[in-house]
Number of protein chains: 2
Amino acid sequence: MARRLTPRGKERRSQLMAFAAERFAENGYHTTSVAEIVEGLGVGKGVFYWYFSSKEELFLEILKDAQQDLRRTQRQAIDGIEDPVERITSGIRASLQWSADHRHYHSLVQFAATEERFAPALRKGQEVAARDAMRHVSDAIAAGAVRDADPALITHGILGITTHLARVFIHDLGKPADEVADAAVAFVLDGVLAADRQPTAA
Amino acid sequence: MARRLTPRGKERRSQLMAFAAERFAENGYHTTSVAEIVEGLGVGKGVFYWYFSSKEELFLEILKDAQQDLRRTQRQAIDGIEDPVERITSGIRASLQWSADHRHYHSLVQFAATEERFAPALRKGQEVAARDAMRHVSDAIAAGAVRDADPALITHGILGITTHLARVFIHDLGKPADEVADAAVAFVLDGVLAADRQPTAA
DNA sequence: GTGACACTAGACCGCGCGGTCAAGACTGGT
DNA sequence: ACCAGTCTTGACCGCGCGGTCTAGTGTCAC
């Protein structure tokens, strides 16, 4: 698409994306019709196709936006932190907080993975994120702070814990993000740190 | 539905479920039409609606089947094992092996979670699985083998690692299930075991 | 005030979908 | 041999979808 947009136009576009994201997350992509989206905003169908060339494009745009936003949040969170392990834990905390603040994003991702035409775009963003995280893991291993195992496996173990706990405890059960973050960090560190650990007594 | 089925009928029904599961996983639920399914099997449309009252019912049936099969596999894997920690690790290994043997199931689950009308059925099965696993975690905590934290958090941490590693390394990268299982178990145990652990040296 | 263009409305279109149905073929029990 | 009931065929239906298009209206630069 890419049109010249006045401030008013930008506002409309954002409205459409925000509302559609909510509906997609709630009801699913296919079950949410373009008609439903424009009706929900009380506008005509022409508005939709002025800003997006198709429903598919809208979805991809929402996905891209969310991935960029998460990445920006993570970068800000670890900015200025030197210790690689702290960078990792801060990243985890930031991700979980972001998850709590953008609840519908999870469903969108899950859906995108199930359809051939959305999977590539999704995967691309996730690979970028995984590479970011893996760099810190590798740094931590090099510094002797994390046990010397395949960084890819460690990284994805961390990502797995983080996303799953986000879904179950933040998304579904509504627990506060910081509590879940504490638990996630504890789990990850005790599985990852090479330093000694006190046994919890028998 | 529930019809009286002759052996021939049961065979057809299985064919339909197997083929549909493959197409759903490959292309998505909505993008796979009933017409496509029956054409793929070279039969008429009436066949489909003889065995299933709707496309939706078919999907739920596939989901239920898979969940039952996984659960059966897990039960068999831990049968006769006493030590709760070993039960957990055996469960992890069995799950990952099952994942490798039933690659398309993952996509189905991911999709089911994104649509209001499938989510309940999915969640129900997952809660059963989580409760199963949690019992062993609680046993392990009681035995002093696992550190004394919220069993739900520990359990879901384990499930998160397991499913995520399955998706990335088995599903996407095609690594052998037993290798991934070793890594998953190592990650989980070092994050969970209360017993002493040797530092990996600095 | 006027022209240029960003923006909006909503009737309309064709397609392909999920689902139906009437007619008949196959199969096994008796 | 026959019948009851399982199984199969494929033309058909109506609906609702994504997407189009025309006739506008709002807005701002000059």
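To be clear, the structure that these remarks concern was listed above.
Now for a look at the structure at hand.

Cut-offs used in this document
Residues numbered from 1 in each chain as written. Chains lettered and ligands numbered in written order. Predicted model: local features only at pLDDT ≥ 70, side-chain atom pairs only at ≥ 80, totals over all residues. Heavy atoms only, no water. Core = buried A, V, L, I, M, F, W, Y, C linked by side-chain atoms within 4.5 Å. Buried < 20%, exposed > 50% of the residue type's maximum accessible area, 1.4 Å probe, protein only. Contact = heavy atoms within 4.5 Å. Near = heavy atom within 4 Å. Polar contact = N/O pair within 3.5 Å; in protein donor to acceptor, adjacent residues only side chain to side chain. Helix = DSSP H or I, 4+ residues; strand = E, 2+ residues; numbered from the N terminus. Nonpolar A, V, L, I, M, F, W, Y, C, P; charged D, E, K, R; others polar. Least-squares fit on C-alpha atoms with pLDDT ≥ 70 in both. Phe/Tyr/Trp six-rings, centres within 6.5 Å; stacked < 30°, edge-to-face > 60°. Expected span 1.5 Å × (residues − 1). Axes fitted to C-alpha atoms, helices over the stretch in contact; angles between N-to-C directions. Left-handed = near helix turned anticlockwise from the far one by under 90°. Parallel < 35°, antiparallel > 145°, perpendicular 65-115°, else oblique. Salt bridge = Lys/Arg side-chain N within 4 Å of Asp/Glu carboxyl O.

Describing the nonpolar core
Line of reasoning, step 1. One finds Phe 24 and Leu 58 of chain A together with Phe 24 and Leu 58 of chain B to be the most contacted residues of the largest nonpolar core, which totals 56 residues.
Line of reasoning, step 2. Ignoring any residue separated from it by four or fewer positions in sequence, one finds Leu 58 of chain B in contact with Met 17, Ala 20, Phe 24, Ile 37, Phe 48 and Phe 52 of chain B.
Line of reasoning, step 3. In this structure, Val 137 and Val 185 of chain A together with Val 137 and Val 188 of chain B belong to the second largest nonpolar core, which totals 50 residues.

Focus: the protein's contact with DNA strand C
Line of reasoning, step 1. Neighbouring DNA strand C are 23 residues, the closest being Thr 6, Gly 44 and Tyr 51 of chain A together with Lys 45 and Lys 55 of chain B.
Line of reasoning, step 2. The share of sugar and phosphate among atoms of DNA strand C within 4 Å of the protein is 61%.
Line of reasoning, step 3. A distance of 3.2 Å is found between a phosphate oxygen of DNA strand C and a backbone nitrogen or oxygen belonging to Arg 4 of chain A.
Line of reasoning, step 4. Counting residues per element, the ones that place at least two in the surface near DNA strand C are helix H1 (7-27) and helix H3 (45-51) of chain A together with helix H3 (45-51) of chain B.
Line of reasoning, step 5. Residue contributions to the surface near DNA strand C peak at 5 residues, all from H3 of chain A.
Line of reasoning, step 6. For the surface near DNA strand C, a count of residues per class yields 7 nonpolar, 9 polar and 7 charged.

Digging into the protein's contact with DNA strand D
Line of reasoning, step 1. Neighbouring DNA strand D are 23 residues; Lys 45 and Lys 55 of chain A together with Thr 6, Gly 44 and Gly 46 of chain B lie closest to it.
Line of reasoning, step 2. When atoms of DNA strand D within 4 Å of the protein are split into backbone and base, the sugar-phosphate part holds 59%.
Line of reasoning, step 3. The side chain of Lys 55 of chain A places a nitrogen or oxygen atom 2.4 Å from a phosphate oxygen of DNA strand D.
Line of reasoning, step 4. Interatomic distance of 3.3 Å between a backbone N/O atom of Arg 4 of chain B and a phosphate oxygen of DNA strand D.
Line of reasoning, step 5. Elements represented by at least two residues in the surface near DNA strand D include exactly H3 of chain A together with helix H1 (7-27) and H3 of chain B.
Line of reasoning, step 6. Sorting elements by how many residues they give to the surface near DNA strand D places H3 of chain B first, with 5 residues.
Line of reasoning, step 7. Residues of the surface near DNA strand D, tallied by class, amount to 7 nonpolar, 9 polar and 7 charged.

Some details on the relation of the copies chain A and chain B
Line of reasoning, step 1. For the pair chain A and chain B, the relating rotation is 180°, the translation along its axis is 0.0 Å, and the fit reaches an RMSD of 0.1 Å. One copy is carried onto the other by what is essentially a two-fold rotation axis.
Line of reasoning, step 2. Both copies contact each other with a shared surface, as 100% of the interface residues of chain A are interface residues in chain B too.

Quick look at the side chain of Ser 107 of chain A
Line of reasoning, step 1. As for its placement among the helices and strands, Ser 107 of chain A is situated in helix H6 (residues 105-112).
Line of reasoning, step 2. The residues contacting Ser 107 of chain A, other than those within four sequence positions of it, are Ala 25 and His 171 of chain A together with Thr 114 of chain B.

Some remarks on the packing of aromatic side chains
Line of reasoning, step 1. Under the criterion given, the structure shown has 22 aromatic pairs over all chains.
Line of reasoning, step 2. Between the aromatic rings of Tyr 29 of chain B and Phe 118 of chain B, the centroid separation amounts to 5.3 Å while the plane-to-plane angle is 80°, which identifies the pairing as edge-to-face. In this pair, Tyr 29 of chain B is assigned in the loop between H1 and helix H2 (34-41) and Phe 118 of chain B in the loop between helix H6 (105-112) and helix H7 (119-142), connecting sequence segments 89 residues apart. Across this residue pair, the class does not change: Tyr 29 of chain B and Phe 118 of chain B are buried.
Line of reasoning, step 3. An aromatic cluster is defined as three or more aromatic residues linked by ring pairs; in this entry it consists of Phe 24, Tyr 29, Phe 59, Phe 111 and Phe 118 of chain A.

Quick look at helix H8 (residues 151-172) of chain B
Line of reasoning, step 1. Spanning 22 residues, H8 of chain B covers 30 Å between terminal C-alpha atoms, matching the ideal 32 Å at 1.5 Å per step.
Line of reasoning, step 2. Just past H8 of chain B, the residue Gly 174 of chain B takes up positive phi, approximately 70°.

Describing the packing of helix H5 (residues 84-101) of chain A against helix H7 (residues 119-142) of chain A
Residues and elements named next belong to chain A.
Line of reasoning, step 1. Taken N-terminus to C-terminus, the directions of H5 and H7 make an angle of 150°; their axes are 8 Å apart at the nearest point. Both H5 and H7 take part in a crossing whose hand is left-handed. Two secondary-structure elements touch here, H5 through Pro 84, Val 85, Arg 87 and Ile 88 and H7 through Arg 135, His 136, Val 137, Asp 139 and Ala 140.
Line of reasoning, step 2. Here the residues of the contact of H5 with H7 sort into 5 nonpolar, 1 polar and 3 charged.

Focus: the packing of helix H4 (residues 55-78) of chain A against H7 of chain A
Residue and element names in this part refer to chain A.
Line of reasoning, step 1. The interhelical angle for the contact between H4 and H7, taken along N-to-C directions, is 10°, at an axis separation of 10 Å. In terms of orientation, H4 lies roughly parallel with respect to H7. On H7, the residues that touch Leu 60, Leu 63, Gln 67, Arg 71 and Ile 78 of H4 are Ala 121, Leu 122, Gly 125, Gln 126, Val 128, Asp 132 and His 136.
Line of reasoning, step 2. Of the residues that constitute the contact of H4 with H7, the class distribution is 6 nonpolar, 4 polar and 2 charged.

Regarding the pattern of salt bridges
Line of reasoning, step 1. Per the counting criterion, the structure on display carries 20 salt bridges over all chains.
Line of reasoning, step 2. Arg 13 of chain A is the partner of Glu 61 of chain A in a salt bridge, and the nearest nitrogen-oxygen pair spans 3.4 Å. Within this pair, whereas Glu 61 of chain A is found in helix H4, its partner Arg 13 of chain A is found in helix H1, the two being separated by 48 residues in sequence.
Line of reasoning, step 3. The salt bridge involving Arg 23 of chain B is made with Glu 36 of chain B; its shortest N-O contact spans 2.9 Å. Separated by 13 residues along the polypeptide, Arg 23 of chain B in helix H1 and Glu 36 of chain B in helix H2 bring together distant segments of the chain.

Bear in mind that shape data such as this cannot, by itself, settle questions of function.
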